[in-house]
Amino acid sequence: MCSDRPVTSGVEQSWWWSDLEPAERDLWRAPLPGDTDVDVAIVGAGFTGLWTAYYLARLDPSLRIIILERDKAGSGASGRNGGWASALLPTSWGAIARTYGREATLAWQRALDRTLPEIRQVASREGIDAHIADGGYLKVATNPAQVVGLQHSLEEARAWGRGEDDLRWLSAAQAKDLVNSPAILAGLHTPHCLALQPARLVRGLALAVERCGVTIHEDTLVTELTPGQLRTTRGTVRASVVVSALEGYAATLAGHHRDRLPVYSTLTATEPLPEHVWQEIGWESRCTLNDGRRQLFYAQRTATCRIAFGGRGAPYRYGSKIEDPVARLDHWAAHLRRLLVRLFPQLSDVTITHRWGGVLGVRGTGCPR
Ligand SMILES: Cc1cc2nc3c(=O)[nH]c(=O)nc-3n(C[C@H](O)[C@H](O)[C@H](O)COP(=O)(O)OP(=O)(O)OC[C@H]3O[C@@H](n4cnc5c(N)ncnc54)[C@H](O)[C@@H]3O)c2cc1C
């Protein structure tokens, strides 16, 4: 099962990955041994592939399920993201309702809300210590225009039936009680968000999936994906059902060029901050944090007393070309550090110990399906 091959995808630069137990981090699973017939073949061992396998295997343990992963389980976006497990929408309720109608939009939001306690429950049942905190999400306004933006968001949420329990207006003082930044003018807080350590969750989930009888083949590149059949560098797989769980990487396969647009995000992690700094900043609940700017940032206080601070990465590349995000890391990490210090001036001397980037996939319309 083990080998000392390096991870090629850049995930190892992330703070999350370096925080894994060495035995968990260095584990390599055997590649596909050759031509195979199964009931379900899933391509990609990130959250999409692993959660799909987990629930299928629990619903019907007799299913023969395999997951094919070109690298290591969790080495894509899932093992290196900002660690926000949120029930937030990628677009407005109105935009989704225009395509799917009001009832479906509301049902979808309720389903999203339910995923958060579900993640907690599975982590607990499977013994995964993913450093989960349920402090919710605090969106702050750091200039007067953003205050107006927050007011509009609140009005829209109320029109869509989101009550005080779902979203709460906070004055500057109330918001600063949660996270003490002098830049805060007002805030909105929702409980529907967890902060977690994504690499611990995804690697732990891979082990849980195996315990359910699913086989994960790593170091197995899928080169062609068609209904019922996959070609890989290790053999051909025939399956009654093929699940593409590639997200940002889908564009690398012929015929799937337009499934998702690959875009980039960059993250940094500070050194562990000393107790006297935390006494000033507070942030005990570990709520996730951002503000209303268009070029967003996203932050969490980690369980290890660092700040993980992320934001935009390289721009979309013509033709959905996927580039090594390392190329522009310096530029984006410096930009993120400036933003961090603007929020927390007491961190002007802080050392950024980790910076990394990654690819995720979005639909061209921005609307889920
Ligand atoms: C830096 C960053 C920060 C983010 N922050 C957040 C956040 O805080 N909250 C949030 O909700 N979302 C966040 N996202 C997005 C989120 O991480 C992704 O939407 C999610 O992880 C996608 O999971 P997935 O399983 O679909 O894809 P991935 O995790 O990318 O998994 C796809 C897998 O497919 C494998 N693969 C690729 N090509 C092939 C092939 N040809 N054959 C076999 N295997 C292949 C890859 O190696 C990878 O393991 C962030 C993303 C990034 C990059």
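Here the structure is a predicted model, which means the values were calculated and not measured.

Colleague: Could you clarify how one ought to interpret the overall build of the protein in this entry?
Modeller: Helix and strand counts for the protein stand at 10 helices and 16 strands. Taking 2.2 N^0.38 as the reference for a compact globule, 369 residues should give roughly 21 Å; the C-alpha atoms of the protein span a radius of gyration of 21 Å, in line with that estimate. Counting across all 369 residues of the protein, residues that qualify as buried make up 43%. When contacts within the protein are restricted to residue pairs at least 6 apart in sequence, long-range pairs at least 24 apart make up 77% of them.

Colleague: Could you clarify how one ought to interpret helix H8 (residues 198–211) in this entry?
Modeller: A turn of α-helix holds 3.6 residues, and therefore any two residues three or four places apart point the same way. Relative to the 20 Å expected for 14 residues at 1.5 Å per residue, H8 spans 20 Å between its end C-alpha atoms, a close match to the ideal helical length. Counting buried positions along H8 gives 11 out of 14 residues, so the element sits mostly inside the fold. Of all the positions in H8, only Pro198, Ala199, Arg200, Leu201, Val202, Arg203, Gly204, Leu205, Ala206, Ala208 and Val209 are classed as buried. Elements in contact with the buried residues of H8: helix H1 (15–18), helix H2 (22–25), helix H3 (47–59), helix H5 (102–125) and strand E8 (215–217). The positive-phi residue at the C-terminal boundary of H8 is Gly213, with phi of around 100°.

Colleague: Help me understand the nonpolar core in this model?
Modeller: The nonpolar side chains of soluble globular proteins are, as a tendency, buried together. Grouped together as the largest cluster of nonpolar side chains are 89 residues, with contacts concentrated most on Ala41, Val43, Leu50, Ala53, Leu68, Leu205 and Val209. It is H8 that contributes the most residues to this core, seven residues altogether. Here this core spans two domains, since at least three of its residues come from each of domain 1 (11–81 + 198–245) and domain 2 (259–270 + 306–369). Once residues lying within four places of it in the same chain are set aside, the contact partners of Val209 are Leu50, Ala53, Tyr54, Ala57, Val214 and Ile216.

Colleague: Sorry if this is basic, but what is going on with the site of the ligand here?
Modeller: If you check the shell around the ligand, you find 37 residues, and the closest are Gly44, Gly46, Gly76, Gly82 and Gly358. For the shell around the ligand, the secondary-structure elements that each account for two or more residues are H3, strand E12 (261–270) and strand E16 (352–362). By residue number, the principal contributor to the shell around the ligand is E16, which donates four residues. Within the shell around the ligand, the residues separate by chemical class into 16 nonpolar, 16 polar and five charged. Inspection of the shell around the ligand shows a minimum of three residues originating in each of domain 1 (11–81 + 198–245) and domain 2 (259–270 + 306–369).

Colleague: Looking at this model, I keep getting lost on the domain arrangement of the protein. Mind explaining?
Modeller: Accessible area lost during the coming together of the parts is what is often quoted as the interface size. Here the protein is described as being made up of domain 1 (11–81 + 198–245) and domain 2 (259–270 + 306–369). For domain 1 versus domain 2, the separation of C-alpha centres amounts to 25 Å. Contacts between domain 1 and domain 2 engage five residues on the former and nine residues on the latter. The residue makeup of the side of domain 1 that touches domain 2, split by class, is two nonpolar, two polar and one charged.

Colleague: Sorry if this is basic, but what is going on with the packing of H3 against H8 here?
Modeller: Contact geometry of H3 with H8 gives a least axis separation of 10 Å together with a crossing angle of 30°. Relative to H8, the element H3 lies roughly parallel. Here the hand of the crossing between H3 and H8 comes out left-handed. Of the residues in H8, those in contact with Phe47, Leu50, Ala53, Tyr54 and Ala57 of H3 are Val202, Leu205, Ala206, Ala208 and Val209. Taken together, the residues of the contact of H3 with H8 break down into 10 nonpolar, no polar and no charged.

Quick notes on the rules
- Residues numbered from 1 in each chain as written.
- Predicted model: local features only at pLDDT ≥ 70, side-chain atom pairs only at ≥ 80, totals over all residues.
- Helix = DSSP H or I, 4+ residues; strand = E, 2+ residues; numbered from the N terminus.
- Rg over C-alpha atoms; globule rule 2.2 N^0.38 Å.
- Buried ≥ 20, exposed ≤ 12 C-beta atoms within 10 Å, placed from the backbone.
- Contact = placed C-beta atoms within 7 Å.
- Expected span 1.5 Å × (residues − 1).
- Core = buried A, V, L, I, M, F, W, Y, C linked by C-beta atoms within 7 Å.
- Domains from an automatic or database assignment.
- Near = placed C-beta within 6 Å.
- Nonpolar A, V, L, I, M, F, W, Y, C, P; charged D, E, K, R; others polar.
- Axes fitted to C-alpha atoms, helices over the stretch in contact; angles between N-to-C directions.
- Parallel < 35°, antiparallel > 145°, perpendicular 65-115°, else oblique.
- Left-handed = near helix turned anticlockwise from the far one by under 90°.

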